[in-house]
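Listed here are the chains, written in short residue letters.
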Amino acid sequence: MTMGTAKVPSPSSAAGKPVTQPGKLKAVNLNFYYGNYKALHDISLEVPANRITALIGPSGCGKSTFLRTLNRISETIHNTRVEGQVLLDDENVLTVDVTALRRRVGMVFQKSNPFPKSIFDNVAYGLKVNGFRGSLKDAVERSLQRAALWDEVKDKLQKSAYALSGGQQQRLCIARALAVDPEVLLLDEPCSALDPIATAKIEDLLFTLKDQCTIVIVTHNMQQAARVADRTGFFLLGKLIEYNTTEIIFKTPTKQETEDYITGRFG
Amino acid sequence: MTLRDRWRKIVNFVMLSLTGVCAVVAVSMLFLILGYLVYNGWKSLDWNFFTKLPLAPGETGGGMANAIVGSVDIVALATLFGLPVGFMAGVYLAEFGGKTFSGLVRYTADLLNGVPSIVIGIFAWTVVVRPMHGFSALAGAFALGLILIPITARSTEQFMVSVPQTLREGALALGASKWKSIATVVVPAAYRGIATGMILGVARIAGETAPLLFTSLNNQFWSNGLTQETASLPYMIFIRAISPYDDWRRSAWAAGMVLLVGVLLANIAARLILSRGIEVQK
């Protein structure tokens, strides 16, 4: 698999819903099992390129599980099984080399997880393991700037990443993911442990990033989805109940479950 | 204060005192041993002890240089053989093992940990000493290495398992292969713990005596090589402590003191390394 094949726009009518941008990432009839437990039921969803797509729903609804199948990090858990397809630029991710896939589809986790290394080495890590040739220093600076963290850390790049605050650590993890220039960035409740100010910074960051990559964000926080997302999908009990533009989901949802959740009647 | 409250206070006081006394007994044992060793051993401990060969009973002077060097040789060889095997096995257990096989390995390692060291000695005698037709440092190192493997494997596994899963996922999500993520993230995150476990393991085998009775045996002189009988501190202590000569018995105390101080220093080093904290967020 090469980067060269990546930019071909795909026909966007497949998912049956109007999508203004070409679909970057598509799930087709996706089922997911933890052992015998079926966690995802027949999910079909198309993520438009250079847009922010939010996945919302109550705890345990499968939205994180779904996100984790997109870069196959779900495979790190034993005894799991996937049925159906995930297509990245119309290429089935289940058949491509997994390390190359993860280089193209970056991920930021719920809890910031910087490595026990210096700030510099954290950002450089992805570049190093992918055999990056060129100036690490420039690449690290560029990534930290993209993550709006450069000004805060430029004088302490050799300090341990653990010396940073929680919000800074999460932006460091975003910088680390951006360093390898992913085409898609998956974020799994990236702000759940952050205060409103750090959250606002990350949301601002997402807006600036969407020109350069496609973003899928799982969030517990409905206001956050309403603020940042172009499209929103609502998950319930392992099913994708409704998927549409954020405006429609929040103002005129077609499904009763969606409306109940949005209006706070459950979950 | 009601009667019941008073009774509670009394029970509380008694139990607290009891546990305190037992704690003091436990701790004082170490200091008692240490004090006894120093009291009996220091008189024989001089420069000669570290530089001279042992002399026949009755002759004054002499030391245990050959036993000290022999011990270092045997333990170093055992370390060379036991640590890498134990470490890799520990990595396997923590990172790669399927349920059945790693369960079996883990159980076997625990069993091996519990095998009396004298049995390990007989085993080494059967598979090394007999085929080689003689006692040797190699055989001793083999026996001690066997003891070291399960200790290292289990402690390595334990510290690697305590590295949060999110760190592994972070590395994998950046396109690192599994092996790369282990070598560059998980092991570095756990290295203090792993190193501590290794030091404690080496300290433990340094004091083992029983396996050496069948394997490296003893030597009154410098050993002529790894395939020869080789003196060691634990063996020297054993021989001299039960001898009828006063100065030999004193030198046994001295040797015990040297050994104990070595093990204590290793323990302290291990604690210092560990107390600097495992750099992993909880």
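Just so it is clear, the model here is predicted, and its values are computed rather than measured.

Concerning the overall build of chain A
Inference 1: In terms of regular secondary structure, chain A is built from ten helices and ten strands.
Inference 2: Computed over the C-alpha atoms, the radius of gyration of chain A is 18 Å, within 12% of the 18 Å expected from 2.2 N^0.38 for a compact globule of 267 residues.
Inference 3: Considered along the principal axes of its C-alpha atoms, chain A spans approximately 55 × 40 × 40 Å.
Inference 4: By residue count, 46% of the 267 residues in chain A fall in the buried class.
Inference 5: Considering only residue pairs separated by 6 or more positions, chain A has 68% of its internal contacts joining residues 24 or more positions apart.

Overview of the overall build of chain B
Inference 1: A count of helices and strands for chain B gives eleven helices and zero strands.
Inference 2: Element order for chain B, N to C, with α for helix and β for strand: α-α-α-α-α-α-α-α-α-α-α.
Inference 3: Among the 282 residues that make up chain B, the fraction classed as buried is 41%.
Inference 4: Contacts in chain B between residues far apart in sequence, at least 24 positions, make up 74% of those at least 6 positions apart.

A short note on the interface of chain B and chain A
Inference 1: With 18 residues of chain B at the interface, the matching set in chain A holds 20 residues.
Inference 2: Elements supplying a minimum of two residues to the side of chain B that touches chain A: helix H7 (165-173) and helix H8 (178-206) of chain B.
Inference 3: Tallying contributions element by element places H7 of chain B first for the side of chain B that touches chain A, with seven residues.
Inference 4: Among the residues forming the side of chain B that touches chain A, the class breakdown is nine nonpolar, five polar and four charged.

Notes on the domain arrangement of chain B
Residues and elements named next belong to chain B.
Inference 1: Domain parsing of chain B yields domain 1 (3-44) and domain 2 (47-275).
Inference 2: Look at where the C-alpha atoms of domain 1 and domain 2 centre, and you get two points 31 Å apart.
Inference 3: Taken residue by residue, the interface counts seven residues in domain 1 and eight residues in domain 2.
Inference 4: Classifying every residue of the side of domain 1 that touches domain 2 gives three nonpolar, three polar and one charged.

Notes on the packing of helix H4 (residues 99-114) of chain B against helix H6 (residues 137-161) of chain B
Residue and element names in this part refer to chain B.
Inference 1: One can describe the packing of H4 onto H6 by two numbers: an axis separation of 8 Å at closest approach and a directional angle of 130°. The orientation of H4 with respect to H6, classified from their angle, is oblique. In this structure, H4 crosses over H6, and the sense of that crossing is left-handed. Every residue of H6 that contacts H4 at Ala-109, Leu-112 and Asn-113 is listed here: Pro-150, Ile-151, Ala-153 and Arg-154.
Inference 2: Tallied by class, the residues present in the contact of H4 with H6 amount to five nonpolar, one polar and one charged.

Side note on the pairing of strand S10 (residues 239-245) of chain A
Residues and elements named next belong to chain A.
Inference 1: As paired strands, strand S9 (residues 231-236) and S10 are joined by six bridges and run antiparallel to one another. Paired with Gly-233 across the two strands is Tyr-243, which belongs to S10.
Inference 2: The antiparallel hairpin formed by S9 and S10 contains two residues in its connecting segment, where Leu-237 sits at a positive phi of about 50°.

Overview of the pairing of strand S3 (residues 52-56) of chain A
Residues and elements named next belong to chain A.
Inference 1: Buried residues dominate S3, accounting for five of its five residues.
Inference 2: A two-sided burial pattern is seen for S3, the buried positions comprising Ile-52, Ala-54 and Ile-56 on one face and Thr-53 and Leu-55 on the other.
Inference 3: One ladder, built from four bridges, connects S3 with strand S8 (residues 214-218); its direction is parallel. Within S8, the position partnered with Leu-55 by the bridge is Val-218.

A few points about the sheet that holds strand S4 (residues 80-88) of chain A
Residue and element names in this part refer to chain A.
Inference 1: If you walk across this open sheet you meet the four strands as S2-S1-S4-S5, and the pairing is antiparallel. The strands lining the two open edges of the sheet, one partner per strand, are strand S2 (37-48) and strand S5 (91-92).
Inference 2: With two bridges joining them, S4 and S5 adopt antiparallel strand pairing. By the bridge assignment, Leu-88 is partnered in S5 with Glu-91.

Some details on helix H3 (residues 65-96) of chain B
Inference 1: In this model, H3 of chain B (32 residues) spans 45 Å end to end at C-alpha, consistent with the 46 Å of a helix rising 1.5 Å per residue.
Inference 2: Within H3 of chain B, the axis deviates most sharply at Thr-79 of chain B, by approximately 30°.

Focus on unusual backbone geometry
Excluding glycine, residues mostly carry a negative phi; peptide bonds, for their part, are mostly trans.
Residues and elements named next belong to chain A.
Inference 1: Unlike most non-glycine residues, Asn-79 shows phi in positive territory, near 65°.
Inference 2: Positionally, Asn-79 belongs in the loop between helix H1 (63-70) and S4.
Inference 3: Positioned with a positive phi, Asp-90 is a non-glycine residue whose angle comes to about 65°.
Inference 4: Considering the arrangement of structural elements, one finds Asp-90 in the loop between S4 and S5.

Quick word on the sheet that holds S10 of chain A
Strands in a sheet are paired, the pairing made by backbone hydrogen bonds, and the direction either parallel or antiparallel.
All names here are of chain A.
Inference 1: Read from one edge to the other, the open sheet built from six strands follows the order S6-S7-S8-S3-S9-S10, with strand pairing classed as mixed. With one partner strand each, in any of the chains shown, strand S6 (105-108) and S10 form the two edges of the open sheet. Within this sheet the neighbouring strands show an average axis-to-axis angle of 15°, counted without direction.
Inference 2: The pairing of S3 with S9 spans four bridges and is parallel. Paired with Thr-53 across the strands is Arg-231, a residue of S9.

Some points on the confidence of the model for chain B
All names here are of chain B.
Inference 1: Per-residue confidence for chain B averages 88 on the pLDDT scale, and 98% of its residues sit at or above 70.
Inference 2: The element-level mean pLDDT for chain B is lowest in helix H2 (residues 47-51), coming to 85, with H6 highest at 94.
Inference 3: We note a pTM of 0.81 for the whole complex and an ipTM of 0.85 for its interfaces.

What counts, and where the lines are drawn
Residues numbered from 1 in each chain as written. Chains lettered and ligands numbered in written order. Predicted model: local features only at pLDDT ≥ 70, side-chain atom pairs only at ≥ 80, totals over all residues. Helix = DSSP H or I, 4+ residues; strand = E, 2+ residues; numbered from the N terminus. Rg over C-alpha atoms; globule rule 2.2 N^0.38 Å. Buried ≥ 20, exposed ≤ 12 C-beta atoms within 10 Å, placed from the backbone. Contact = placed C-beta atoms within 7 Å. Nonpolar A, V, L, I, M, F, W, Y, C, P; charged D, E, K, R; others polar. Domains from an automatic or database assignment. Axes fitted to C-alpha atoms, helices over the stretch in contact; angles between N-to-C directions. Parallel < 35°, antiparallel > 145°, perpendicular 65-115°, else oblique. Left-handed = near helix turned anticlockwise from the far one by under 90°. Pairing = 2+ DSSP bridges. Expected span 1.5 Å × (residues − 1). Bend = angle between axes of the 7 residues up to and from the residue. pLDDT = per-residue confidence, 0-100.

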